[in-house]
Amino acid sequence: MKLEEFPKDIRPYLIPNHKGNLFYSCLGCHEAYEIDKLLYTCPKCGKVLLIEDHHFDQLKKIPGKTWRKIFDYRKMLKIPALKGIYLFHEFIGPILPMDDVVYLGEGHTPIVEANAYLKEEAGVSFFFKNDGQNPSASFKDRGMASALSYINYLIKKGVSSNILAVCASTGDTSASAALYASYLKPGIKSAVLLPYKKVTPQQLSQPLGSGASVFEIPGVFDDCMKVVENLSEKYDVALLNSKNAWRILGQESYAYEVAQAFEYDMKDKIIVVPIGNAGNITAIINGFIKFFETGIIRDLPKIIGVQSKHANPVYKYYLEKNPQKRIYSPVNVKPSVAQAAMIGNPVSMPRVIHMVEKYNTLAGQNKTFFVEVSEQSIMDWELLANQNGHIACTQGGETLAGLVEAKRLGLIGKNEIAVVDSTAHALKFSGFQDMYFENAFPDDFKILPNKHLINKPVHVHPKDLEKVPLPGCPLEGKELEAFINRISDEIALALKLKKIQD
Ligand SMILES: *Cc1c(COP(=O)(O)O)cnc(C)c1O
Ligand SMILES: [Zn+2]
């Protein structure tokens, strides 16, 4: 639709024109820093930063009703820069010119309702939001689109050049960073550090395919992260981990999309998110806060953060109900099928603590909850979901298992509807599915397959069938006929098919 065809009242706002005045805000010493260069941590106290807008109050001058109309109509524009996360430009990066936005098809992922059977099994009405349907097949693309758009802006302004973007990763950050960086060649090159054998083969193939330099390091993610931090302190590199506050900003888009998908009605809604480095939950909470403060949504949804018992520092922190008595301590992780969230010392922990407090204060009640789930339940729920029309990854299984656990704990009301985050595509983690079907999990996972969920291919090759087709050597005539009939009969027998009567 062309601009002049939109309703008059929103026409001036359809192309974003809010000029943000962004700044980095330190969660430790509350110092503010200019946004004109890339900062990862506070130069004064070393704590993590968040990006805020001095002009945020200007957004409140536009009524919530008008905002809702702007976002809904804006979807009809055919401007690539506004097709992804920057549909919500005023809230995500209002200093970035449209021309600098990097759009590779991220965001606006489907929200798919669970069928009646799966709802019944879970005991809760819910939807999956399939963030695996992003360009690099995980939600990380939301934050990477934001971080790389900002770097692109710095390059175009002449502030930076020849950037080497680096990150440590449990697999998906590197896939995403390598993809987005490759789009901005030759101004940007990327290097990724992965824990050796701790990412799936699919995840390893992604940065290799995008042409990044890939380094495999002994240890787990937390060790890689320390090396990357060391590199960023000593050398001139751009850090793309979620320590980078631009990533958090982009990931807020998830919250805005959920709000939009439910006509901005967040009453009786529950958002369930897996927690690893805790960037995602921070961003989602912050997104709902911003929409609430501008009157775009009238209620704050319940937020449930989920961790595996094998990597549960955030869960453990919130076990203590008295905020004054809470003590944060990192944990040593054990192997987890929710491998992308297998992190013992989340970088964004201070952000979570800050955001959760702000959220509950705004809501006037506790609206944030944390649950832990077993490795067994993660696999069982992932497989059951996928056998009912979904494409959930193991982290998606983790969130669904978390929803069921929350229900068991009495945290879910009768009329509440949940949106469960499947943060990546099932295919990235199919190796865990194979291990389940083969009953081949190493002991420390403590996973035994449920026989109703096991599925294996059947190799059909009857011994008495002498001739079978081979590549380059097709069968013909009688031999082909014998082959087709014999194989069909085997399959019919296995499926107990009934013959058509004539
Ligand atoms: C990174 C990642 C997570 C964890 O998200 P955090 O922001 O680190 O908490 C969960 N699932 C998948 C698939 C991921 O790639
Ligand atoms: Zn500081």
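Rules and cut-offs
Residues numbered from 1 in each chain as written. Chains lettered and ligands numbered in written order. Predicted model: local features only at pLDDT ≥ 70, side-chain atom pairs only at ≥ 80, totals over all residues. Heavy atoms only, no water. Helix = DSSP H or I, 4+ residues; strand = E, 2+ residues; numbered from the N terminus. Rg over C-alpha atoms; globule rule 2.2 N^0.38 Å. Buried < 20%, exposed > 50% of the residue type's maximum accessible area, 1.4 Å probe, protein only. Contact = heavy atoms within 4.5 Å. Areas by Shrake-Rupley, 256 points an atom, 1.4 Å probe, with all protein chains shown as cover. Lys, Arg positive; Asp, Glu negative; His and termini not counted. Charge placed at Lys NZ, Arg CZ, Asp CG, Glu CD. Donors = N, O, S within 2.8 Å, 3.2 Å for Na, K, Ca; no water. Pairing = 2+ DSSP bridges. Right-handed = clockwise from strand over helix to strand, strands pointing away. Near = heavy atom within 4 Å. Polar contact = N/O pair within 3.5 Å; in protein donor to acceptor, adjacent residues only side chain to side chain. Nonpolar A, V, L, I, M, F, W, Y, C, P; charged D, E, K, R; others polar. Domains from an automatic or database assignment. Axes fitted to C-alpha atoms, helices over the stretch in contact; angles between N-to-C directions. Expected span 1.5 Å × (residues − 1). Patch = residues over 30% accessible without salt bridge, like charges linked within 9 Å, V, L, I, M, F, W, Y side chains within 5 Å. Salt bridge = Lys/Arg side-chain N within 4 Å of Asp/Glu carboxyl O.

> Tell me about the overall build of the chain, and name the residues and values.
In terms of regular secondary structure, the chain is built from 18 helices and 13 strands. Expected size for 502 residues packed as a compact globule is a radius of gyration near 23 Å; at 25 Å, the chain falls within 12% of this value. Counting only C-alpha atoms, the chain reaches 80 × 55 × 55 Å along its principal axes. A burial count over the chain gives 55% of its 502 residues as buried. Summarising the internal contacts of the chain: among those between residues at least 6 apart in sequence, 72% fall at separations of at least 24. Working note: accessible area of the chain is about 22900 Å², and carbon and sulfur atoms make up 53% of it. Treating the 58 positive side-chain charges of the chain as one cloud and the 55 negative ones as another, the clouds have centres 4 Å apart.

> Which residues make up the coordination of the zinc ion (ligand 2), and what are the values?
Within the protein, the zinc ion (ligand 2) binds to Cys26 (SG), Cys29 (SG), Cys42 (SG) and Cys45 (SG); these donor distances fall in the range 2.3 Å. Donor residues binding the zinc ion (ligand 2) come from one chain and are separated in sequence as C-x2-C-x12-C-x2-C. Assessed through its relative accessible area of 31%, cysteine 29 is described here as partly exposed.

> A description of the environment of isoleucine 151 should follow, citing residues and the corresponding values.
Among the structural elements, isoleucine 151 can be located in helix H6 (residues 140–157). Judged by its relative accessible area of 1%, isoleucine 151 falls in the buried class.

> Explain the pairing of strand E11 (residues 302–308) residue by residue, including any values.
Two faces belong to every sheet, and in a regular strand the side chains alternate between them. Burial of E11 is extensive: seven of the seven residues sit out of reach of the surface. Every second residue of E11 is oriented toward a common face, with Lys302, Ile304, Val306 and Ser308 on one face and Ile303, Gly305 and Gln307 on the other, all of them buried. Pairing between strand E10 (residues 269–274) and E11: five bridges, direction parallel. In the strand pairing of E11, isoleucine 271 is matched with isoleucine 303. Taken together, E10, helix H12 (residues 279–293) and E11 form a β-α-β motif whose crossover is right-handed. Two strands pair when backbone bridges link them, and E11 and strand E12 (residues 368–373) are joined in this way by six bridges, in the parallel orientation.

> How would you sum up the site of ligand 1? Please name residues and give values.
Lining the immediate surroundings of ligand 1 are 13 residues, of which Lys140, Asp172, Asn277, Asn280 and Thr423 lie closest. One of the backbone N or O atoms of alanine 278 is found 2.8 Å from an oxygen atom in ligand 1. Compared with its free state, where it exposes 380 Å², ligand 1 has 97% of that area covered by protein. Per-class residue counts for the shell around ligand 1 are five nonpolar, six polar and two charged. When residues of the shell around ligand 1 are assigned to domains, at least three fall in each of domain 1 (111–135 + 252–445) and domain 2 (139–246).

> Pulling in residues and values, what's your account of the sheet that holds strand E6 (residues 163–168)?
Within the open sheet, the four strands sit side by side as E8-E7-E6-E9. Their pairing is parallel. Each having just a single partner strand, strand E8 (213–217) and strand E9 (238–239) make up the two edges of the open sheet. Relative to strand E7 (residues 188–195), E6 runs parallel, the two sharing six bridges. From the neighbouring strand, alanine 165 faces E7, where its bridge partner is serine 190. In the packing of helix H7 (residues 172–183) onto the sheet, the strands contacted are E6 and E7, and the crossing angle to E7 comes to about 170 degrees.

> Talk me through the domain arrangement of the chain; I want residue IDs and the actual numbers.
Splitting the chain by domain gives domain 1 (111–135 + 252–445), domain 2 (139–246) and domain 3 (458–502). Each of domain 2 and domain 3 was reduced to a C-alpha centroid, and the two centroids are 50 Å apart.

> Describe helix H18 (residues 477–494), and please don't skip the residues or the numbers.
Between its first and last C-alpha atoms H18 spans 26 Å; for 18 residues at 1.5 Å apiece the expected length is 26 Å, and the two agree. Downstream of H18 by one or two residues, lysine 496 has phi in the positive range, about 50 degrees.

> With reference to specific residues and values, describe a nonpolar patch on the surface.
On the surface, Ile491, Leu495 and Leu497 cluster together to form a nonpolar patch covering roughly 300 Å² of accessible area. Residue position: leucine 495 is located in the segment after H18. Accessibility expressed as a relative area gives 56% for leucine 495, which makes it exposed.

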